[in-house]
Amino acid sequence: MSMHTKNFNMDSFKKPEPNNFKLTEFRRDLHNRHKREVHMRKERLRAVETRFLAKQMITVDTSRARSNCDVVRMCIKELGLKEFPFGRKEHCDIHWHAVSYEENPDLYGGKVNKFPGMTDICSKMMLFRSLDQMRELFPSDYDFYPRTWYMPTQFHEFSCEVRKLTEKRVKPRPTYIVKPDSGAQGDGIYLIRDPVDYTPSPNGKCHVVQEYLSHVYLIDRYKFDLRVYVVLKSIEPLDIHICKDGLARFSTLPYETPTYKNLHESFMHLTNYSLNKRSTTFNRSERSDEGSKRTISSVLRKINLNGKDGDQVWKTIERIVCKTVIAMLPTMRIEYQANIPSGKTKLSCFQILGFDIILMDDLKPMLLEVNSGPSLSIECEQEVAPGIVEYVASPTDEEIKRPLVRDTMMLVVPKEKLKYCRRRKRRLKRLQQEQRESCRSGKRPRFKSEPLQRQRTHILIINADEPDESKREIDVTKQMSEMHLDHYKDSRDQESATSRDAAKDLSEVDMPKMELDSEMSESHDDDTIHEEDSHEDDHDHDSPTSRRESCLKHIYPAIYDDEFERLRLLERVAELFRFCLGVRGSLRIGPTGFRTFARKCRLNRRGMTNAAIDIMYIDMQRKFDHMNPERTSENKPKKTVGLCFQGFLSSCLEIARRKFYAPTKLEMLENLLEYCEVNICQRDDDMPPTLPRLQYRPKQSSSSYGQSSTFRRKMTRDIREETIEDLLDKTQKNSEIEAFLRQGRRMNYVPKPVLDQPTFMSFNSE
Ligand code: ADP
């Protein structure tokens, strides 16, 4: 033991003496200079990369993609785009969010996958009101949704209707379905047969009550509905695409027509996936033509097999989609203008909508709902043990949703960058071919690790203890490069953005090299991209996915423009509304705006007195606020106080009925619009240039769809303009308004306390 201690050399534990370091002044200088150079090169690279990304790469912000993240990321990789999972200081080309537009207030450029106000526009109340207003004008075109009442406002009308049917002893007794206005996934839905069974929500939430469609088309005795995906590429001009396939969601209990006994059977009457997946009889078959979730194409095939015309069904669905979007369009335009003023030219929106459609037993499609944020999740729950669920990939969902997202991205990416995408892919293909060939021939591939290595700064390790001067410096550059390259290869399965950044950090390269590296990293992304490439040289089309047929079909204006041009009348009303909106960015018209509308359109010449206009305003505003107090409460910000577009449209219809009588409502409204437009044009010259000019779509001009043109101006200047003060001076009494409202039994009108001014004056300030 003692021998050991004696022989042990304690020198090896000693720290090297500081004067052992041979880091001379000269070396320190060299080292600092080198560090500066590296830093400068990095800075240069970063600047080049920013410019390169801005010019060439198609960038996607997925920081708020939430549950859409998986499928969006897959598509980004497949298309070779650049993802920013944590957002970006500059705007990206595409912002793919799972939240509403209003939750992203800072956007100023790029394409955003949500239109402003869409959650409200697609809420059941607003959607069916818009459709009802179109049905008033075009009854035979808008017969594709069940009759709807708005609760609690229309409880009385609903009760009367049910009583009438009961008195007539209609057989079978109709059933009604109650749905919360802003509900989803079947929450809060129940069936009733008697109005007394309707339970108003304790927290004042509104409902729609709809005729329950009991005679529906069944497959294998099960009820199902169709989820049709629609891409709204733009609203100015209107551009609609439909996904050629979609999902069919089946209920999990065999269907029976409703009776008192089975009214509560939600697994029989509701087809929501979120609800039925909890059923013990939910069939998770992975085949697209079996199970509780299938593809629409498989359903249409079944319909064809039963001797019916599935293609005709699909064409009717396409028409329903166009008509519904046309009904929603005026409100969408108003929201768009309020949220995205004309100055924000770099920003535009697109959106994927989910249309829920059910087939009647005669195969007539009926619209149940439009979903503003359809689920794009490609996973499904699977119960692995009692009470334990696991998320597994759902092949049917992936089959539909992946092409949908990919082709939607391709539809909206900046076209000028697509050219670069194509070139890069061609280079990528060449690179791969070379690599394959060199592997086969055993030669060193041209681009393998060499660019990285050549660009590296030498790394030296100085061993100060080494007595032999020539061995004191060890160059580890080569080993390091190989290590990095290994790491680089290992991380190739990770997302492209991360791997590209890693590669960038490893090598201080110049622009062409960087491009090459990014290609190399992308070359590992996904095999399908290369399969695609192999065909690209043959077919030099615009899109990198051009080899594959897109899953999206352009339906408007491509196919249905001529057919539905006549339905786009309400856009002219929306223009009038926008013209009279007082405050920039507001969504509602105030009393002054409404009076201005009447004055500018010279409605007084048609016998509409100022008092009548004020009364109409108060009446409509109350009616529409009462219709949905949730959205119009007085606590809301100023831009949501006043008369909404739907209220304005109802006022126009009322004015048209009173003063522009014609055999049909449509003609009356057309007469009113023409009269208003002509009068506004006459006054257009007097307007200050900052005010918006009224735009309109010329009637029946299919070629100029979506293109608005300013009104024709008539040069009649000799008419004396009556001012609003002139009108206000005319006697109008508070009592007039009160008497009118009492006469109409509008119970919710609360007379104001006695004021010095007449009541209508209290509305003067917007
Ligand atoms: P949610 O937004 O909560 O999913 P939906 O309007 O989509 O509400 O309705 C849920 C389900 O109820 C539909 O998938 C459909 O099966 C059924 N349903 C809804 N409305 C009707 C109706 N009028 N007639 C028959 N079934 C309906």
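Just so it is clear, the structure is predicted and the values come from calculations on it, not from any experiment.

(A) Molecular detail of the packing of aromatic side chains. Going through the model one piece at a time under the given rule, you end up with 20 aromatic pairs. Both rings, one in tryptophan 149 and one in phenylalanine 158, keep their centres 5.1 Å apart while their planes meet at 55°; by these two values the pair is tilted. In this pair, the class of tryptophan 149 matches that of phenylalanine 158, namely buried. Summarising the aromatic geometry, the rings of phenylalanine 158 and tyrosine 176 are spaced 5.0 Å apart at their centres and angled 85° between planes, so their arrangement reads as edge-to-face. With phenylalanine 158 in helix α6 (residues 155–168) and tyrosine 176 in strand β6 (residues 176–180), this pair connects stretches of sequence that are 18 residues apart. We classify tyrosine 176 as buried; its relative accessible area is 2%. Grouped by ring-pair contacts, the aromatic residues Phe577, Phe594, Phe597, Tyr617, Phe645 and Phe648 constitute a single cluster.

(B) Structural detail: the pairing of strand β17 (residues 388–393). Pairing geometry for strand β16 (residues 379–385) and β17, over six bridges, is antiparallel. Residue glutamine 382 lies in a different strand from β17, and its bridge partner there is glutamate 390. The loop that links β16 with its antiparallel partner β17 comprises two residues; one of these, glycine 387, has a positive phi angle of about 85°.

(C) Looking closely at the confidence of the model for the protein. Here the protein averages 76 in pLDDT, and 69% of its residues register 70 or above. In this model, residues 447–457 is a region of pLDDT below 50 whose contacts with residues beyond four sequence positions or in other chains number 29 contacts.

(D) How the structure looks around helix α19 (residues 570–580). With eleven of its eleven residues buried, α19 lies for the most part within the structure. Of the positions making up α19, those classed as buried are Leu570, Glu571, Arg572, Val573, Ala574, Glu575, Leu576, Phe577, Arg578, Phe579 and Cys580.

Definitions and limits used
- Residues numbered from 1 in each chain as written.
- Predicted model: local features only at pLDDT ≥ 70, side-chain atom pairs only at ≥ 80, totals over all residues.
- Heavy atoms only, no water.
- Phe/Tyr/Trp six-rings, centres within 6.5 Å; stacked < 30°, edge-to-face > 60°.
- Buried < 20%, exposed > 50% of the residue type's maximum accessible area, 1.4 Å probe, protein only.
- Helix = DSSP H or I, 4+ residues; strand = E, 2+ residues; numbered from the N terminus.
- Pairing = 2+ DSSP bridges.
- pLDDT = per-residue confidence, 0-100.
- Contact = heavy atoms within 4.5 Å.

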